[in-house]
Amino acid sequence: MRDPQPLTFRVPDPEGRWTSVRLASDVPVASRDFERRDGEWVLETQPLRLQRVEYELEVEHAGGGREWIADPSHGSRAPGAFGEKSVLEADGYEPPAWLDAPKIEAGRREVQLGSAMRRRIRAEVWEPAGSDPGEPLPLLLAHDGPEYDRLARLGEWAAAMIAAGRLPPFRLVLLPPGDRDNWYSCSEGYARAFAQVLGPALAERVGARGPVAGMGASLGALAMLHLHRRFPGVLGGLFLQSGSFFTLETDPQEINFSRFGRITPFVRGVLRTRRFEHPVPVAMTCGAEEENAANNRLMAEALARQGYPVDFTENPDMHNYTGWRDTFDPQLTGLLAMLWT
């Protein structure tokens, strides 16, 4: 990662449409207020370990009223779970090469996995075109799977890695989030349903060859780790991105989250464990400047002490799907190559 660099936002406003402009972003800056200089609004940050920033502008109109808008001087946009945002990219930023690389043809089908937490669960399965549905293939399970696929282009990454021969043909199961804040926040019921219902259904209706890998971001990463710790035989490898490994010390800003009191005892227990009998390979990524960076560092250190092979990467981005996408290769590729080849 390159050395921290300051960022400069410039928004032209020669007509004086606004009386104030603020940065609407989770970037940890000393001030979010722009200064008016020679017909434009300017914000200069302290040095940050970032190559991309997704943001909106909070503007106050000269005639009254306040609204949140995309940066009208910047055409670059990024998709996100809560809509598109403007993007400021540093000169050295480059999207991953696999976006434009050759890709295999792929198909999709829907499978019924049974009931979990009083809901019927259906998941979309991505697989190489022409695959025999009865032939077991390596399996990657993705929490928030539809969002990962739509916003981070997970299926395209899989198609590119298989086309390049870097991974064997495999299937990708795009698990829907359901009641996300409840299911993914160390829910004992969800972990048990996954181990006893969803997992066996996948084995029967999709089939798996070799260790099954699980991936997730934010609460989805936490849920994958929780599932592994409660039922160690289910997953053979973990790809955890910006995991919500909350503790009272590192995450007091999350104390009002409704499941905070359920998450922190689990995380504290993992951090304090000296030895775990069933470690699996783990790759972790986290935005270098995001709020979860501190708790992810602690979790990576704890898992490594307990015998997990851990590859931890801090990428120059924040808590968003594009930042997670940009670390699929080589981090996720390397983990799966180690598991499956």
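Remember, it's a predicted structure, so these values are computed and weren't measured experimentally.

(A) Quick look at the overall build of the chain. The helix and strand inventory of the chain stands at 9 helices and 16 strands. In terms of C-alpha radius of gyration, the chain reaches 21 Å, essentially the compact-globule figure of 20 Å for 341 residues. Considering only C-alpha atoms, the chain reaches an extent of 65 × 45 × 40 Å along its principal axes. The buried share among the 341 residues of the chain stands at 52%. Sequence separation of 24 or more characterises 73% of the internal contacts of the chain that already satisfy a separation of 6 or more.

(B) The sheet that holds strand E3 (residues 35–37), seen in detail. Taken in spatial order, the 3 strands of this open sheet run E1-E4-E3, and their pairing is antiparallel. What marks the edges here is a single partner per strand, and that holds for strand E1 (8–12) and E3. Sheet twist, expressed as the average angle between the axes of neighbouring strands with direction ignored, equals 30 degrees. Bridge count between E3 and strand E4 (residues 40–44): 3 bridges; the pairing is antiparallel. Paired with Glu35 across the two strands is Val42, which belongs to E4.

(C) Quick look at helix H1 (residues 145–152). For H1, a buried count of 6 out of 8 residues is recorded, marking the element as mostly surrounded by other parts of the structure. Buried residues of H1: Gly145, Glu147, Tyr148, Asp149, Leu151 and Ala152, and no others. Following H1 by one or two positions, Arg153 adopts a phi angle in the positive range, close to 60 degrees.

(D) A look at the sheet that holds strand E12 (residues 171–174). Overall, mixed pairing links the 8 strands, which are arranged E9-E10-E12-E11-E13-E14-E15-E16 in an open sheet. Since the sheet does not close on itself, it has two edges, and those belong to strand E9 (106–116) and strand E16 (310–315), each with one partner. With strand direction ignored, the average angle separating the axes of adjacent strands in the sheet is 15 degrees. When strand E11 (residues 139–142) meets E12, the two strands line up parallel, connected through 4 bridges. Counterpart to Leu140 in the pairing with E12 is Leu172. This element, helix H5 (residues 219–230), spans E11, strand E13 (213–217) and strand E14 (237–241) of the sheet and lies at about 145 degrees to E13. On top of the sheet, helix H9 (residues 328–340) reaches E11, E13, E14, strand E15 (282–287) and E16; it is set at about 170 degrees to E14, its chief contact.

(E) Just the packing of aromatic side chains, in detail. Under the counting rule described, the total for this entry stands at 15 aromatic pairs. Taken together, a centroid distance of 6.1 Å and an interplanar angle of 45 degrees make the contact between Trp126 and Phe170 tilted. With Trp126 in strand E10 (residues 119–128) and Phe170 in the loop between helix H2 (154–163) and E12, the pair connects residues that are 44 residues apart, well separated along the chain. Here Phe170 and Trp340 contribute two aromatic rings whose centre-to-centre distance is 5.1 Å and whose plane-to-plane angle is 45 degrees, an arrangement assigned as tilted. Highlighted residues: Phe170 in the loop between H2 and E12 and Trp340 in helix H9, separated in sequence by 170 residues. Among the residues examined, Trp340 registers a relative accessible area of 13% and is labelled buried. By the ring-pair criterion, three or more aromatic residues cluster together here, those being Trp98, Trp126, Tyr148, Trp157, Phe170, Tyr321, Trp324, Phe328 and Trp340. A cation sits over an aromatic face here: Arg52 above Tyr93, 5.9 Å from the ring centre. Note that Arg230 overlies the ring of Phe231, its terminal NZ or CZ placed 5.2 Å from the centroid.

(F) Representation of the environment of Gly243 within the structure. Within the fold, Gly243 resides in the loop between E14 and helix H6 (260–272). Sequence separation of Gly243 and Gly220 is 23 residues, and the distance between their C-alpha atoms is 7.3 Å. With residues near it in sequence (within four places) discarded, Gly243 still touches Ser218, Ala221, Asn292, Asn295 and Asn296.

(G) Up close: the nonpolar core. Ranked by size, the top nonpolar core spans 50 residues in total, and within it Leu113, Leu141 and Leu240 carry the most contacts. In terms of residues, this core owes the most to one element, helix H4 (residues 188–205), which gives 8 residues. Those residues in contact with Leu240 that lie beyond four places of it in its chain are Gly216, Ala221, Met224, Leu225, Phe245, Val282, Ala283, Met284 and Thr285. Trp126, Ala158, Ala159 and Leu172 belong to the second-largest nonpolar core, a separate cluster that totals 32 residues.

(H) A look at H6. Its 13 residues give H6 an end-to-end C-alpha distance of 18 Å, which sits within 8% of 18 Å, the value for a rise of 1.5 Å per residue. Taken together, the buried positions of H6 are Phe260, Ile263, Thr264, Phe266, Val267 and Val270. Close packing links the buried residues of H6 with H5 and helix H7 (293–305).

Quick notes on the rules
- Residues numbered from 1 in each chain as written.
- Predicted model: local features only at pLDDT ≥ 70, side-chain atom pairs only at ≥ 80, totals over all residues.
- Heavy atoms only, no water.
- Helix = DSSP H or I, 4+ residues; strand = E, 2+ residues; numbered from the N terminus.
- Rg over C-alpha atoms; globule rule 2.2 N^0.38 Å.
- Buried < 20%, exposed > 50% of the residue type's maximum accessible area, 1.4 Å probe, protein only.
- Contact = heavy atoms within 4.5 Å.
- Pairing = 2+ DSSP bridges.
- Axes fitted to C-alpha atoms, helices over the stretch in contact; angles between N-to-C directions.
- Phe/Tyr/Trp six-rings, centres within 6.5 Å; stacked < 30°, edge-to-face > 60°.
- Lys NZ or Arg CZ within 6 Å of the ring centre and 35° of its normal.
- Core = buried A, V, L, I, M, F, W, Y, C linked by side-chain atoms within 4.5 Å.
- Expected span 1.5 Å × (residues − 1).

As far as function goes, none of this settles anything; it's purely spatial.
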